Amino acid sequence: MSAKLERLCQKLREVFGDRIGEPAISYGEVTVMVLAANYRDVAVTLRDHPELRFEQLTDLSGIDYSTAAGRAGGPRFAAVSHLLSVTHNWRLRLRVYATDDASPTLPTMTGVWRGANWYEREAYDMYGIVFEGHPDLRRILTDYGFVGHPFRKDFPISGYVEMRYDPEQQRVVYQPVTIEPREVTPRIVREAHYGKAGGRG
Amino acid sequence: MAEIKNYHLNFGPQHPAAHGVLRLVLELDGEVVAHADPHIGLLHRGTEKLAETRTWLQTLPYLDRLDYVSMMCNEHAYCLAVEKLLGVQVPIRAQYIRVMMDEITRILNHLLNIGTHALDIGAMTMVLYTFREREDLMDVYEAVSGARLHAAYYRPGGVYRDLPEQMPQYRVNRFKNDATVKRLNAAREGSVLDFIEDFTNRFPAYVAEYHTLLTDNRIWKQRTVGVGVVSPEDALQLSFSGPMLRGSGIAWDVRKKQPYEVYDRMDFDIPIGTNGDCYDRYLVRMEEFLQSNRIIKQCVEWLRKNPGPVITDDHKVAPPSREAMKGNMEELIHHFKLFTEGMHVPPGEVYAGIEHPKGEFGVWAVSDGANKPYRIKLRSPGFAHLAALNEMSKGHMIADVTAIIGTIDLVLGDTDR
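Read on for an overview of the structure. (Residues numbered from 1 in each chain as written. Chains lettered and ligands numbered in written order. Predicted model: local features only at pLDDT ≥ 70, side-chain atom pairs only at ≥ 80, totals over all residues. Heavy atoms only, no water.)

**Overview of the overall build of chain A**
Applied cut-off: Where helices and strands are cited, they refer to DSSP runs of H or I of at least four residues and of E of at least two residues respectively, numbered from the N terminus. It is over C-alpha atoms that the radius of gyration is taken, and the globule rule equals 2.2 Å times the number of residues to the power 0.38. Categorising residues by exposure relies on relative accessible area from a 1.4 Å probe, with only protein chains included: less than 20% of the type maximum marks a residue as buried, more than 50% marks it as exposed, and the intermediate range marks it as partly exposed. Throughout, a residue-residue contact means that at least one pair of heavy atoms, one from each residue, lies within 4.5 Å. The positive count covers Lys and Arg only, the negative count covers Asp and Glu only, and His and the chain ends enter neither. To locate a charge, take NZ of a lysine, CZ of an arginine, CG of an aspartate or CD of a glutamate.
Broken down by element type, chain A carries three helices and nine strands. Going from N to C terminus, chain A has its helices and strands arranged as α-β-β-α-β-β-β-β-α-β-β-β. Whereas a compact globule of 201 residues would reach a radius of gyration of roughly 17 Å, chain A reaches 21 Å, over 25% beyond that. Across the 201 residues in chain A, those meeting the buried criterion constitute 44%. Taking as baseline every contact in chain A between residues at least 6 positions apart, the subset at least 24 positions apart corresponds to 48%. Taking the average location of the 26 positive side-chain charges in chain A and that of its 26 negative ones, the two points are 5 Å from each other.

**Structural notes on the pattern of salt bridges**
Residues and elements named next belong to chain B. What counts here: Definition used for salt bridges: Asp or Glu carboxyl oxygen within 4 Å of a side-chain nitrogen of Lys or Arg.
A full pass over the atoms with the stated rule returns 52 salt bridges over all chains. Across the pair Glu142 and Arg148 runs a salt bridge, and its minimum N-O distance is 3.8 Å. Judged by its relative accessible area of 36%, Glu142 is partly exposed. In this structure, Glu355 engages Arg246 in a salt bridge whose closest nitrogen and oxygen atoms are separated by 3.0 Å. Here Glu355, found in strand 8 (residues 348-356), pairs with Arg246, found in helix 10 (residues 243-247); they are 109 residues apart in sequence, far enough to count as distant. The exposure classification of Glu355 matches that of Arg246, with both residues buried.

**Side note on a nonpolar patch on the surface**
All names here are of chain A. Worth spelling out the cut-off: Any residue with relative accessible area above 30% and no salt bridge may belong to a patch, with like charges joined within 9 Å and the nonpolar Val, Leu, Ile, Met, Phe, Trp and Tyr side chains within 5 Å. All accessibility values rest on the Shrake-Rupley procedure with a 1.4 Å probe; residue burial counts only the protein chains present in the view.
Where nonpolar side chains cluster on the molecular surface, the patch consists of Tyr160, Val161, Met163, Tyr165, Val172 and Tyr174 and spans about 660 Å² of accessible area. At three residues, the largest contribution of residues to the nonpolar patch is made by strand 8 (residues 161-166). Topologically, Val172 is positioned in strand 9 (residues 171-176). Residue class for Val172 comes out partly exposed when judged on its relative accessible area of 40%.

**Describing the sheet that holds strand 4 (residues 23-29) of chain B**
All names here are of chain B. Applied cut-off: Strand pairing requires that DSSP identify at least two bridges connecting the strands. As a rule, the C-alpha atoms of each element are fitted with a line to give its axis, helices using only the stretch in contact, and angles between N-to-C directions run from 0 to 180 degrees.
Taken in spatial order, the three strands of this open sheet run 1-4-5, and their pairing is antiparallel. Strands with a single pairing partner mark the edges of an open sheet, and in this sheet they are strand 1 (7-11) and strand 5 (32-39). Geometrically, the sheet is characterised by an average inter-axis angle of 25 degrees between neighbouring strands, direction not taken into account. For strand 1 and strand 4, the ladder comprises five bridges, and the chain directions are antiparallel. Counterpart to Leu9 in the pairing with strand 4 is Leu26. The strands touched by helix 17 (residues 398-407) within the sheet are strand 1, strand 4 and strand 5, with strand 4 carrying the most contacts at an inclination of about 145 degrees.

**Re the packing of helix 2 (residues 56-64) of chain B against helix 3 (residues 71-86) of chain B**
Packed helices, taken two at a time, are described by their axes: the angle between them and the distance between them. Residues and elements named next belong to chain B. Let me state the cut-off plainly: Angles below 35 degrees are treated as roughly parallel, those above 145 as roughly antiparallel, those between 65 and 115 as roughly perpendicular, and all remaining angles as oblique. In this scheme the crossing of two helices becomes right-handed for a clockwise turn of the near helix relative to the far one and left-handed for an anticlockwise turn of less than a right angle.
Helix 3 packs onto helix 2 with a crossing angle of 155 degrees between their chain directions and a minimal axis gap of 7 Å. Taken together, the axes of helix 2 and helix 3 are roughly antiparallel relative to one another. Where helix 2 crosses over helix 3, the handedness of that crossing is right-handed. On the side of helix 2, the interface is formed by Trp56, Thr59, Leu60, Leu63 and Asp64, while helix 3 contributes Met71, Asn74, Glu75, Tyr78, Cys79, Val82 and Leu85.

**Observations regarding the pairing of strand 4 (residues 77-85) of chain A**
Taken residue by residue, a regular strand's side chains alternate between the two faces of the sheet. Residues and elements named next belong to chain A. Across the nine residues of strand 4, nine count as buried, placing the element largely inside the fold. What you see with strand 4 is no split at all: Phe77, Ala79, Ser81, Leu83 and Ser85 on one side and Ala78, Val80, His82 and Leu84 on the other are buried throughout. The pairing of strand 3 (residues 56-64) with strand 4 spans eight bridges and is antiparallel. Its bridge partner being in strand 4, Gly62 is matched across the sheet by Ala79. Turn length for the strand 4-strand 5 (residues 90-98) hairpin, with the two strands adjacent in sequence and antiparallel, is four residues, and the turn residue Asn89 shows positive phi of about 55 degrees.

**Here we look at the environment of Gly46 of chain B**
Secondary-structure assignment places Gly46 of chain B in the loop between strand 5 and helix 1 (47-52). Separated by 370 residues in sequence, Gly46 of chain B and Asp416 of chain B have C-alpha atoms that sit 8.4 Å apart. Residues in contact with Gly46 of chain B, not counting those within four places in the same chain, are Phe151 of chain A together with Arg417 of chain B.

**Things to note about helix 14 (residues 329-340) of chain B**
Residues and elements named next belong to chain B. How we decide: Each residue after the first adds 1.5 Å to the expected span of a helix. Picture the helix axis, draw a direction to every C-beta atom, and the arc is the one those directions span. The term polar contact refers here to a pair of N or O atoms within 3.5 Å; inside protein, the definition further demands a hydrogen-donor-capable atom paired with an acceptor-capable atom, and it admits residues adjacent in sequence only when both atoms are side-chain atoms.
Relative to the 16 Å expected for 12 residues at 1.5 Å per residue, helix 14 spans 16 Å between its end C-alpha atoms, a close match to the ideal helical length. Of all the residues in helix 14, the buried ones are Glu331, His334, His335 and Leu338. Each buried residue of helix 14 lies within a common arc of 95 degrees when the element is viewed along its axis, so the set occupies one face. Facing away from the buried side of helix 14 by more than 90 degrees, the exposed set consists of Met329 and Phe336. Looking at the buried residues of helix 14, the elements they touch are helix 13 (322-327). Two or three places before Glu330, at the start of helix 14, stands the capping residue Asn328, its side-chain oxygen 2.9 Å from that residue's backbone nitrogen. Just downstream of helix 14, Gly342 is the residue with a positive phi angle, here 90 degrees.

**Overview of helix 4 (residues 92-120) of chain B**
All names here are of chain B. Taking 1.5 Å per residue, 29 residues should reach 42 Å; helix 4 reaches 42 Å between its end C-alpha atoms and fits that length. Where burial is concerned, most of helix 4 is hidden: 26 out of the 29 residues are buried. Where helix 4 terminates, the next one or two residues include Gly122, which has phi positive at roughly 110 degrees.

**Digging into the sheet that holds strand 10 (residues 375-379) of chain B**
Two modes of strand pairing occur in sheets, parallel and antiparallel, and in both the strands are linked by backbone hydrogen bonds. Residues and elements named next belong to chain B. Strand order in this open sheet of three strands is 8-9-10, and the pairing throughout is antiparallel. Across the chains shown, the open sheet's two edge strands, defined by having one partner strand only, are strand 8 and strand 10. Recorded for the sheet is a direction-independent mean angle of 10 degrees between the axes of neighbouring strands. Note that strand 8 and strand 9 (residues 359-367) share nine bridges and pair antiparallel. When the sheet's bridge partners are listed, Glu355 is paired in strand 9 with Glu360.

**Some remarks on the interface of chain A and chain B**
Note the threshold: Throughout, the accessible surface (probe 1.4 Å) given up by two parts as they are put together, summed over both, is called the buried area.
On the side of chain B, 61 residues touch chain A, which itself brings 57 residues to the contact. Summed over both sides, the interface between chain A and chain B buries roughly 5,100 Å², with carbon and sulfur atoms accounting for 51% of that surface. Interface area lost by chain A to chain B is led by Tyr27, Arg114 and Trp118 of chain A, which between them contribute 16%. Between chain A and chain B we count 14 salt bridges in total. One salt bridge connects Asp59 of chain A with Lys377 of chain B, and the closest N-O pair in it is separated by 2.9 Å. Counting every contact that joins chain A to chain B gives 39 residue pairs in polar contact (both at pLDDT 80 or more).

These values are about where atoms sit, not about what they do.
Here it is as structure tokens:
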């Protein structure tokens, strides 16, 4: 398997040169970084190049890196796609950062893989990443009239508003949330080798 | 002459043929669909966000609630992702159990799909037949995990417990007399494996019954042949997977092409369609019944001969046995730490995709080394398939929309996450 991945990395280097970051192999998966400016060109080549042939976009999702442990600067938002080549039977992860943290913007992939349509709508809905050139960039999963982007790390898990039926007005009303935020298990990052034999603690 | 305008029709969110809470805004030109705009998210529970606030183990039961007709397959993808990050070895017996339960789940899922799809487009009887078999398999679910639906049976590192020695039996009550109970218990005298084996022997005859009911049924063919045709190129472009992709004639199955667990030791075939319409996809699913049945048989045979552990003995990942925990201080600490703080997963990111009954179910897990996931992205097959609803139903009659919703095997829990 790893020989095959090496071959894929070699191909990627040959075809793209410095248009993409250095392909990295970890956990038997290849990850490639690309700049937003080259994103579309690289995607088209990935799809059409006979030795790459990533015909399918398996998945595309947003991510917010703002609170990751050990993160040293860098852009906050990224769109990560998982590509699949049915012809060559290999997968690739493509990561593109949105450089502007305040209004993240990326080019759309809907012209390359039509399946990107809803995935980009979801990333827009959840993270507020705007995909330029998307034909129909509406919210998809959240409620009609929802405010904010819920999967951002600064959005509380309990949200800002709750909904209830108001018997006096005889309709459903929105009001600020009444539940207190709580954390049952705190988030803990231990030092490397924590709990391993020979280590301390 | 009066001007004729297209009009909009609201289909759902509460409609029996919408398979859950799907709201469909249809723009109609007479009875012909001009544009279909699915509004989803009515069942959105923010599973991915919830996962970020739960430990790696606490997240697992949420996966059951995604596609609530193929529970164990959802868990499977998640467990594979976590195991890949942790580098844990899963005992071989657990791998066989997982493969067997995955295939049982596939049969369960397709039984529901074919039953309700037929129900939606007018064949009332079908669902009565498929639910008869679902009942048996649901009993297997209950016997191994204690729950008929939300099993939480797969755990990172293996499965929660070994298959029980005794299949639960019916008892006499005021609704079931002696004779009935005796008949119902005939297959339940032995272990769960005996019951499953008995089922696999009976099942091909049941599939033959479904074929008799539907395959050459004139009305069924009128409603499905040539409806919702997807070309192979379009199927790839639209991120299709599973039976939807195979129905269009692309021989792609993760179990064969990128085998996980012990699928590489299994002997089975991949059915593919030729026309890419609803009828071909139906035939693909019907054939998958028999192929799954074959895999289950092979697993039962292996599992009978090879006892062994079913979960890893790495107590940073899986709890020690109750017995060990009560007699040994170290095991007690392990148990306590695992269930309070949880396991620590090394930093990194992995994607684990499995051949879920509906298509490819993938989990993209990002860890920053904490006891909770940093980001979990669930790639659900139904989401990509529903996104193509507009393209598939354009130009068809409104009644065909129901047939297309049936064929994409829609479960909104999976689509909305």
